[in-house]
Amino acid sequence: MGEWAGATVGPDVWETCRELIPVGSVFAFLAEHRGRLFPVEMFADMYPSANGRPSMPPQILAAAITLQSLHGLSDFETVQELRCDLRWKAACGLGLHDTAFDSSLLAYFRRRLARSASPNRVFEAVREVVRATGVLKGRHRRALDSTVLDDAVATQDTVTQLIAAVRAVIREVPGADQVAAVQCTAHDYRDPGKPRIAWNDKQARADLVDALVGDALRLLGHLPERQLGEKAANAVGLLALVAGQDVEPADDSDGRDGRWRITQGTAPDRVVSTVDPDTRHVHKTRSHYQDGYKAHLAIEPETGLFTAVALTPGSGSEHHEASVALDLLADEDEPVDAFGDTAYSSGPTRQVLQQAGHRLFLKPAPLRTAVVGGFSLDDFAIDTTGGTVTCPAGHTVPLAEPSGQKLQRKALFTDQCAGCPLRQRCSTAKAGRIVTIRPHHDLLAAARRQAAIDPDWQAAYRRWRPPVERAVAWLVAHGNRRLRHIGTIKNDAWLHTRAAALNLRTLINLGLAHNGTTWHIPATA
């Protein structure tokens, strides 16, 4: 990498105005230790050319995006702070008269980071500081949680998505404009407005959707056969997706005559915007949903330090908390006590974490009963090894072998329920009670028993699970629940940088210093 040959514009702010920079602040820390935290060689792979040199040192840009994520600023606002605020100038190493740089350079730097072999190197650099201090030594607890982050785009209805997706194909795919001129007749896709129909007329809206889906399918079917670039391929794939996710064959259609209507209900994993295809409807409760992403966190509850973070689309089994928990704890050097709510308490997750040696303080999900106040699954004596189930009335029946896609086992009490005095507390089914046993039943049953009767488990959960809520509050403070970027990759990079900045602030508050050889924190911390 060529070295930056620029010179400081005006007096060095840290040398001349040090007394004006708040002691113990992130600004003062970066002004003094920026070179140690972000050494030149840390960014060598991002600028491999020996001839070219970066227009601005990457250490300055790394410090800028760290402060930017800490304070929740836009690129424009960040540059304004670098031009006008002595604290920012000192922290990033700019001279007093330096007017900084164009805000687009921040986007360019983040793009280089995202495409590099180590896109989260700012987070990793701070994590190395944490390891060097030993502040987590002997602190073997990790609290897990997730929160919804609002996306940066407007949710689009079916009509808007179809029109936008057709326009994208026309714009990105060579030859698609000629095909659209012949095949797409439902709307003038050069018109930036919505189609001119009576929007309060239900039948008119239905006819429009039918016609737009027809346009999309004809366009896809008549595109020239050729190798497509990344943008063109993504546009074609997105059009195929939105053309099918919200529609179904019309009432009197056999599905082959090209007549469609808007489907009843919402398609699983539905794309809600063609501008950001990764954003999703996110349900945190049955009655409330947001559009956006999920931020997944693992923290050390005594210090509040983030040990791992991840950002995923808001729906899909692979993005569920129980699945992501395995990744959040994957880099731990030794077994930990893992604390989490019911979202993390799935059987497969418990099995993997226990096999890794972790102690689990994951709140079990409550069991549902067929009758209010009636018998739950835990009221039955279930012997998965012997293959029997005994009901509260003392009837024992065999447990069938695993079957079906979910490998469930069933015990049928159809004969025993007839005339049973406890039936009203057990089942309302005419055929009697059928007990369904899922894989990992023994693990989950043991977890429910421990959570119900073990006072040490209960005390530990009440003590160490709540601090993660405070960490979530720190993460989304000052408007940071609203994301500024589009796509999972860019927003995940922002989340890691935000977590790094918060960790750095926490370490500074604990007394972080450098003795000339290594990072350290006073023993009292």
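Structure: above.
Values in this document were obtained by computation on a predicted structure and should not be read as measured data.

Enquirer: What exactly am I supposed to notice about empty space enclosed by the protein here?
Expert: Summary: where empty space remains is shown by rolling a probe the size of a single water molecule over the atoms. Scanning the entire structure with this criterion turns up one cavity of 30 Å³ or more. Here the largest cavity defines a volume of roughly 80 Å³. Considering the residues around the largest cavity, the lining is formed by F375, C391, P392, A393, H395, F413, Q416, C417, C420, L422, R423 and C426. Split into classes, the residues belonging to the lining of the largest cavity amount to nine nonpolar, two polar and one charged.

Enquirer: Is there a simple way to think about helix α2 (residues 26–37) in this case?
Expert: Helical periodicity: at 3.6 residues per turn, an α-helix aligns residues three or four positions apart in one direction. Between its first and last C-alpha, α2 extends only 12 Å over 12 residues, short of the 16 Å set by a 1.5 Å rise per residue. Here α2 lies mainly inside the structure; nine of its 12 residues are buried. Considered for burial, the residues of α2 that qualify are V26, F27, A28, F29, L30, A31, H33, R34 and L37.

Enquirer: Got a minute to help me understand the packing of helix α14 (residues 441–453) against helix α15 (residues 455–464) in this structure?
Expert: For any two helices packed against each other, one specifies the inter-axial angle together with the distance between the axes. The interhelical angle for the contact between α14 and α15, taken along N-to-C directions, is 85°, at an axis separation of 6 Å. Between α14 and α15, the angle falls in the class roughly perpendicular. Contacts between α14 and α15 pair Q450, A451, A452 and I453 from the former with P455, W457 and Q458 from the latter. Here the contact of α14 with α15 is composed, by residue class, of five nonpolar, two polar and no charged.

Enquirer: Looking at this structure, how should I read the nonpolar core?
Expert: It is characteristic of soluble globular proteins that their nonpolar side chains tend to be buried jointly. L30, F38, F101, F109 and L507 are the most contacted members of the largest nonpolar core, which has 82 residues in total. Take this core: its biggest share by element is nine residues, from helix α17 (residues 488–509). Those residues within four positions of F38 in sequence are excluded, and the remaining contacts are L30, F43, Q59, A62, A63, T66, V122 and A125.

Enquirer: Please explain the packing of aromatic side chains as it appears in this structure.
Expert: What characterises a pair of aromatic rings is the spacing of the ring centres plus the angle enclosed by the ring planes. Applying the stated criterion across every chain yields a total of seven aromatic pairs. Judged by centre distance (5.6 Å) and plane angle (35°), the rings of F29 and W519 are tilted. Taken as a pair, F29 in helix α2 and W519 in strand β15 (residues 519–520) lie far apart in primary sequence, 490 residues in all. Classification of F29 as buried rests on a relative accessible area of 6%. With a centroid separation of 4.6 Å and an interplanar angle of 15°, the aromatic rings of F339 and F361 are classed as stacked. Highlighted residues: F339 in strand β7 (residues 337–340) and F361 in strand β8 (residues 359–362), separated in sequence by 22 residues.

Enquirer: Looking at this structure, I do not really get unusual backbone geometry. What am I missing?
Expert: Peptide bonds are mostly trans, and most non-glycine residues show a negative phi. Positioned with a positive phi, L407 is a non-glycine residue whose angle comes to about 55°. Positionally, L407 belongs in the loop between β11 (396–398) and β12 (409–412). For L407, a relative accessible area of 48% gives the class partly exposed. One non-glycine residue, H478, adopts positive backbone phi at about 60°.

Rules of the game
Sequence positions are assigned chain by chain, starting from 1 and proceeding in written order. Only residues with pLDDT of at least 70 get local features here, since the model is predicted, and only at 80 or more are side-chain atom pairs given and counted; chain-wide, interface and lining totals rely on the full set of residues. Computation of side-chain values: all heavy atoms of the structure, hydrogens and water removed. Using a grid of 1 Å spacing that covers the protein atoms alone, one calls a set of points a cavity when a 1.4 Å probe fits there but cannot get out, and a pocket when the set is open and has protein on both sides within 12 Å along at least five of seven lines; lining residues are those with an atom within 4 Å of a point. Grid points are joined across faces, edges and corners, and a volume is the space filled by probe spheres set on the points. The nonpolar class holds Ala, Val, Leu, Ile, Met, Phe, Trp, Tyr, Cys and Pro. Asp, Glu, Lys and Arg form the charged class, and all remaining residues, Gly among them, are polar. Strands here are runs of E lasting at least two residues and helices are runs of H or I lasting at least four, both read from the DSSP assignment and numbered beginning at the N terminus. For a helix, the expected span equals 1.5 Å multiplied by the number of residues minus one. Per-residue accessibility, obtained with a 1.4 Å probe over protein chains only, is compared with the maximum for each type, and a residue is labelled buried under 20%, exposed over 50%, and partly exposed between these values. To get an axis, fit a line to the C-alpha atoms, keeping to the stretch in contact for a helix; angles then go from 0 to 180 degrees between the N-to-C directions. Should an angle lie under 35 degrees it is considered roughly parallel, over 145 roughly antiparallel, and from 65 to 115 roughly perpendicular; all remaining angles are considered oblique. Should any heavy atoms of two residues lie within 4.5 Å, those residues are counted as being in contact. As used here, the term nonpolar core means buried Ala, Val, Leu, Ile, Met, Phe, Trp, Tyr and Cys residues forming a set that is joined through side-chain atoms within 4.5 Å. Stacked, edge-to-face and tilted are the three classes for Phe, Tyr and Trp ring pairs, Trp counted by its six-membered ring, which pair at centre distances within 6.5 Å; planes under 30 degrees apart are stacked, over 60 edge-to-face, the rest tilted.

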